[in-house]
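Fold and geometry: a report
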Amino acid sequence: MAHDFYSGESVNLGKRLILSAASLALLVQPAIGGAEVTGYSNPNDPALTLVPSNLTWSNQARQAATELKSHLHHQLKSELLNQRAKGATRIVKVYSNVSPSFKNRDWKTYTKDIRQYKIKGYDSQNRLVRTSRSFPVQSNMLAASLVYLKQDRCSLVDFSLFNLSTWWNGSCSIAIESENRMLRAALWSWLHMVDNPISLSQRTENSIKDCFDLGAPFSISGTKFTCPALKLKYGLDETVDLVHYEALGGFRFTVNQKAKTFKVLYLAPDFQYLADLGSWDKDYYWISFSGINE
């Protein structure tokens, strides 16, 4: 039986992905000492989230894309059949506004339209016979927008020279974007639901700021920043990492000990490493990049 995402289930999926990412961080700790990892001073630099177009996808990831496309196609196909069963001869797409969750994000790189839409069906007498739920159902997952009803207005009746109602609207069809775009969009969504370079660096940044605000003595040894007052005053760890890197990205802090200032460079995720982990989540009907197959 097909499984659909409703609001509560989308939240559960988000929690699942976050937990999976936490597990990923433990499993994957790429070394930063060998090949230099490019850092970005602006935490909103597009390079930190832009999934490259030239990634190599594993067979497992490609199979996941096939599963996702099939699932999304089934959802729309079932709706068209339900419309026809209700007597609809033509349908109209009614769009909603862009979801606030996508505001100021680079989704246009991956899809032409992220808006949800409802499908309204009308019979031969122009009576509204059915209004669908919103599509894509998984509104917070970018890849869902890559399988869509192609026409804004279309006919559910085959063209006939003797039926005027079929003259003005083409037949309804479902568009499916390429496998590469599907996987890029899925990885983009996954990265926006889990830890990122900003969140990963927050603990170190807060510790350094707190230590400076206290005017407390501190020391730096290699890539470790130690401030005993953090433990005495706040019960926090007195030592934090100045450099950290994992598959989800990382950070590199530079501290001016004399001026008591610091700078941070945010390190982009290892996109190719994550691409290799792509797999089908059969419980949530989605593509996961956690590297954990259940």
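Below is a summary of the structure that appears in this document. (Residues numbered from 1 in each chain as written. Predicted model: local features only at pLDDT ≥ 70, side-chain atom pairs only at ≥ 80, totals over all residues. Heavy atoms only, no water.)

Quick look at the overall build of the protein chain now. Along the backbone of the protein chain there are 6 helices and 15 strands. Looking at the protein chain as a whole, 42% of its 294 residues qualify as buried. When contacts within the protein chain are restricted to residue pairs at least 6 apart in sequence, long-range pairs at least 24 apart make up 68% of them. (Helix = DSSP H or I, 4+ residues; strand = E, 2+ residues; numbered from the N terminus. Buried < 20%, exposed > 50% of the residue type's maximum accessible area, 1.4 Å probe, protein only. Contact = heavy atoms within 4.5 Å.)

On to the packing of aromatic side chains, then. Counted according to the given criterion, the structure contains 12 aromatic pairs. Judged by centre distance (5.8 Å) and plane angle (50 degrees), the rings of Tyr110 and Trp188 are tilted. You can see Tyr110 sitting in the loop between β2 (90-95) and β3 (117-122) and its partner Trp188 sitting in helix α3 (residues 179-191), a full 78 residues away along the chain. The residues Tyr110 and Trp188 share a single accessibility class, namely buried. (Phe/Tyr/Trp six-rings, centres within 6.5 Å; stacked < 30°, edge-to-face > 60°.)

With respect to topology, 4 strands assemble into an open sheet ordered β4-β3-β2-β6, the strand pairing being antiparallel. Of all the strands in the sheet, just β4 (128-131) and β6 (153-155) have a single pairing partner and so form its edges. For this sheet, the mean angle separating the axes of adjacent strands, direction not counted, is 25 degrees. Pairing geometry for β3 and β4, over 3 bridges, is antiparallel. Its bridge partner lying in β4, Lys120 is registered against Thr131. Packing against the sheet, helix α2 (residues 59-85) makes contact with β2, β3 and β4, and its axis sits at approximately 25 degrees to β3. (Pairing = 2+ DSSP bridges. Axes fitted to C-alpha atoms, helices over the stretch in contact; angles between N-to-C directions.)

Right, let's talk about unusual backbone geometry for a bit. Cis rather than trans, the peptide bond between Phe135 and Pro136 has omega equal to -10 degrees. Following the sequence through the fold, Pro136 ends up in the loop between β4 and β5 (147-149).

Our next topic: the sheet that holds strand β11 (residues 243-246). Strand order in the open sheet made by the 4 strands is β1-β13-β12-β11, with antiparallel pairing throughout. For this open sheet the edge positions go to β1 (39-40) and β11, each flanked by a neighbour on one side alone. Bridging between strand β12 (residues 249-256) and strand β13 (residues 261-267) involves 7 bridges; their strand directions are antiparallel. Bridged to Val255 within β13 is Phe262. Strands in contact with helix α4 (residues 197-214) are β11, β12 and β13; relative to β12, the strand with the most contacts, it is inclined by about 20 degrees.

Tallied over the entire structure, the rule returns 2 disulfides. Paired through a disulfide, Cys154 and Cys172 show a sulfur-sulfur distance of 2.1 Å. Handedness of the Cys154-Cys172 disulfide follows from its S-S torsion of about 95 degrees: it is right-handed. Placement of the pair is Cys154 in strand β6 and Cys172 in the loop between β6 and β7 (174-176), with a sequence separation of 18 residues. Across the pair, exposure class does not vary: Cys154 and Cys172 are buried alike. In this model, Cys211 is linked to Cys227 through a disulfide, with the two sulfur atoms separated by 2.2 Å. On the sign convention where negative means left-handed, the S-S torsion of about 90 degrees between Cys211 and Cys227 marks this disulfide as right-handed. In this pair, Cys211 is assigned in helix α4 and Cys227 in the loop between β9 (224-226) and α5 (228-234), connecting sequence segments 16 residues apart. Each member of the pair, Cys211 as well as Cys227, carries the same accessibility label: buried. Numbered in order of appearance, the disulfide-bonded cysteines of the protein chain are paired 1-2, 3-4. (Disulfide = S-S within 2.5 Å.)

Assignment of secondary structure puts Asp123 in the loop between β3 and β4. A polar contact of 2.8 Å, which involves the side chain of Asp123, links it to the side chain of Arg127. If we ignore the near neighbours within four places in the chain, the residues touching Asp123 are Gly87, Ala88, Thr89 and Val129. (Polar contact = N/O pair within 3.5 Å; in protein donor to acceptor, adjacent residues only side chain to side chain.)

The volume enclosed by the largest pocket comes to roughly 380 Å³. Considering the residues around the largest pocket, the lining is formed by 18 residues, among which Pro43, Asn44, Thr49, His192 and Ile198 are closest to the centre. Residue composition of the lining of the largest pocket, grouped by class: 9 nonpolar, 5 polar and 4 charged. In this structure, the second largest pocket encloses a volume near 240 Å³. Secondary structure elements with two or more residues in the lining of the second largest pocket: α2, β2 and β5. By residue class, the composition of the lining of the second largest pocket is 12 nonpolar, 3 polar and 8 charged. (1 Å grid on protein atoms, 1.4 Å probe; cavity = no way out; pocket = protein on both sides within 12 Å on 5 of 7 lines; lining within 4 Å. Points joined across faces, edges and corners; volume = space filled by probe spheres on them. Nonpolar A, V, L, I, M, F, W, Y, C, P; charged D, E, K, R; others polar.)

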